[in-house]
Amino acid sequence: MPAVHTLLLEEALQDSPQTRSLLSVFEEDAGTLTDYTNQLLQSMQRVYGAQSEMGLATEQLSRQLLEYEKQNFALGKGDEEVINTLQKFAETVGELNTLHSELATQMADRMIFPMIQFREKDLTEISTLREIFGIASDEHEAAMVKYSRLPKKKENEKVKAELVGEVAYSRRKQHQASMQYYCALNALQYRKRVAMLEPMLGYTQAQINFYKKGIDLVSKKMDSFLGSVSSMTQNIQAQLDSEAEAMRMTQRELLSMEDTVYMPDRDPAPVNRTLIQKAGYLNIRNKTGLVTTAWDRLYFFTQGGNLMCQPRGAVAGGMVLDLDNSSVMAVECEDRRYCFQITSPNGKTSMILQAESKREYEEWICTLNNISRQIYLTDNPEAVAIRLNQTAIQAVTPITSFEKRGEGSPNPDRAKPGGMQSSSGASQKTSSAAEPEDLIVPGTPIQFDIMLPASEFQDQNRAGGRRTNPFGETDDDCSPESDDSLLQQVFAVRFLGSMAVRSGQSQEVIYEAMRQVLAARAIHNIFRTTESHLMVTSSCLRLIDPQTQVTRIGFQLQEVTQFVAHQENGRLMGFVVEGRDWSKEGEEGEPSFSAFVFESNTEGEKICYTISLGKDIMEAKKDPEALVQLLKNMPLTNEGKFLLLDSETGSTANGGAPDEESEA
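Residues numbered from 1 in each chain as written. Predicted model: local features only at pLDDT ≥ 70, side-chain atom pairs only at ≥ 80, totals over all residues. Heavy atoms only, no water.

You'll find the protein entered in an unreviewed UniProt entry as DCC-interacting protein 13-beta, with Salmo trutta given as the organism.

And the structure:
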């Protein structure tokens, strides 16, 4: 051990400049030691604080590991092994926390406390003795100044003696303070070495004890446990690597597809018209003002008989509309393609949606219509949907003749219970052998509304022709005021469609028109119809709006050349109306024919019977005797009108009493 520098106590009384210079060196050393001690103590306190925080952190870690079992993970099934392992780790961490807490206590006792004691005892003592030594030196200097000022003349022995005593007292006091100060500085040279080594010795011994106990804990208690955990993590990592490689392979395969997969309107897959479930993104139109609209892209899907909607990011979807008996049809939007409208059965709720592609557009319409028919409630909905789709395809498949329809073909003998007698014998035989091309021109447009006549070739503004008022009112020929007929019968009907035909003297042309209209509605997914009232009188037929009582369209009875009810579906009936095509040469114009198809709530035969009776009355009016004979043969109501079958509306068009039922 190197020698320690010391101050000589013998030189304290003389207080020579050399002694003062050496004392300043010791004082500088003590000041440096004080600064270093403060910095070292801060570092040790930081280590102790970190160790204390380590104990608190490990305690919190142990509690958090136990909280894993209480977490309600959405995908937490199969984590029992992980839960048990974490509970074991929590127990181990708790034991380690005990070791950390013990280590922190040892650091406080064996490292922090000795350093604080050295600073508060030794360094503070040096600082105090320095102040005392300075005060004593100042008092000695003051006494010496007073003594040095004694006059040469007139010495006062009493004053001199007092000053001599004061100098002696201050010198003794300085001598004592300097020796104590020198002793403390000399001892500091030894104590500073101990003060530096003792805390680090305690810190190191505390760490060694911690590691020894930790090794005993880990090696003796946890070797097998840590080995099993290591094996489990390696197995999980191997599974992860395998799954990651499989996902990379799948990713490469999906990215290697053609660019058409990403194009919304380039889907080569055929349209599936037999779906009873559908899901995907659609744009829905929402009104943002009186005339402004906004489109929102939402995820729609069907569930049972309901249309559901789920916004992006939502946990579950909500019902938008009940699809049972609703109508779905394509609509035209000025700024959008592939739009269709869904309307509730009561007509109060409707929405317009837009599909992303033509295929999606057609599949959504077909799916919603299948659900609207309640196919999903059948035992085998897929088979029912396929059968209905095949029926629709067969309905639009061209046929060579009516004789090839098979057993389900209409029978002309019972098609017209009240029809005209001119369509019999050779006429029916000739019509039955006619080809479809001979009855209806291929590609003839079909109208599904009831605002205008079926023929698109009629010029309703020409002079001399029958015009239809744009407000739904017809000319005065069929007005109730001018109608003095004895027959007025009203039926509730739904207009299905109309189209131009080539002939007006054959019932087969009506059958063909029915087939093409129904097939077109099925193919184009048009199932919504509007109910109207068909009034049959002895002079005309009128189609009336049941709410406003406005006549939408009317025909003179003599223009109706043929009428018949369907043989298999008695609710279907149709008639042919003769008009004039003024675009052809000739003063009178070439005759043109239009077929109208209706669906009624009762048998179509009743409507045909009423039309036939109206024609009989119209012919009987030409001969008064024939009219009298007809009145004798037919029963009349109290108002003098013919007694017919019950009407659909339960009352006559002009508010008459309900008709009584009779056999046709």
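Further notes follow.
Asks: Looking at this structure, how should I read the packing of helix 2 (residues 80-148) against helix 4 (residues 223-255)?
Replies: Packed helix pairs are specified by the crossing angle of their axes together with the interaxial distance, meaning the distance between the axes. Axis separation between helix 2 and helix 4 bottoms out at 12 Å; the angle between their running directions is 145°. In the crossing of helix 2 with helix 4, the sense of the turn from one axis to the other is left-handed. Residues E81, T85, K88 and F89 of helix 2 form the contact with helix 4, whose participating residues are F225, L226, V229 and M232. The residue inventory of the contact of helix 2 with helix 4, partitioned by class, reads five nonpolar, one polar and two charged. (Axes fitted to C-alpha atoms, helices over the stretch in contact; angles between N-to-C directions. Helix = DSSP H or I, 4+ residues; strand = E, 2+ residues; numbered from the N terminus. Left-handed = near helix turned anticlockwise from the far one by under 90°. Contact = heavy atoms within 4.5 Å. Nonpolar A, V, L, I, M, F, W, Y, C, P; charged D, E, K, R; others polar.)

Asks: Just checking my understanding: could you explain the pairing of strand 6 (residues 339-343) for this structure?
Replies: On any regular strand, side chains alternate: one points to one face of the sheet, the next to the other face. Within strand 6, five of the five residues are buried, which leaves the element mostly enclosed by the surrounding structure. Of the two faces of strand 6, the one holding C339, Q341 and T343 and the one holding F340 and I342 are both buried throughout. Sheet topology note: the strand 5 (residues 327-330)/strand 6 ladder contains four bridges and is antiparallel. Each residue of the ladder has a partner; that of V328, found in strand 6, is I342. Across five bridges, strand 6 lies against strand 7 (residues 350-354) in antiparallel orientation. Bridge assignment links Q341 to a residue of strand 7, and that residue is I352. (Buried < 20%, exposed > 50% of the residue type's maximum accessible area, 1.4 Å probe, protein only. Pairing = 2+ DSSP bridges.)

Asks: It is not clear to me how the packing of helix 1 (residues 17-67) against helix 2 should be interpreted in this structure. Could you clarify?
Replies: One can describe the packing of helix 1 onto helix 2 by two numbers: an axis separation of 8 Å at closest approach and a directional angle of 160°. Relative to helix 2, the element helix 1 is oriented roughly antiparallel. Remark: the crossing between helix 1 and helix 2 carries left-handed chirality. Its residues assigned to classes, the contact of helix 1 with helix 2 shows 29 nonpolar, 14 polar and five charged. (Parallel < 35°, antiparallel > 145°, perpendicular 65-115°, else oblique.)

Asks: What exactly am I supposed to notice about unusual backbone geometry here?
Replies: Most peptide bonds are trans, and most residues other than glycine sit at a negative phi. Residues other than glycine seldom take positive phi values, yet D15 does so here, at roughly 55°. Unusually for a residue other than glycine, Q374 sits at a positive phi of about 60°. Locating Q374 in the fold gives a position in the loop between helix 5 (358-372) and helix 6 (381-395). Its relative accessible area of 28% is what places Q374 among the partly exposed residues.

Asks: Just to check I follow, could you spell out the sheet that holds strand 6 for this structure?
Replies: Strand pairing within a sheet occurs via backbone hydrogen bonds; the two strands may be parallel or antiparallel. In space, the seven strands of this open sheet follow the order 4-3-2-1-7-6-5, with antiparallel pairing throughout. In this open sheet, the two strands that pair with only one neighbour each are strand 4 (318-322) and strand 5. Sheet twist, expressed as the average angle between the axes of neighbouring strands with direction ignored, equals 40°. Contacts from helix 5 reach strand 1 (279-287), strand 2 (293-303), strand 3 (306-310), strand 5 and strand 6, with the element oriented near 15° to strand 6.

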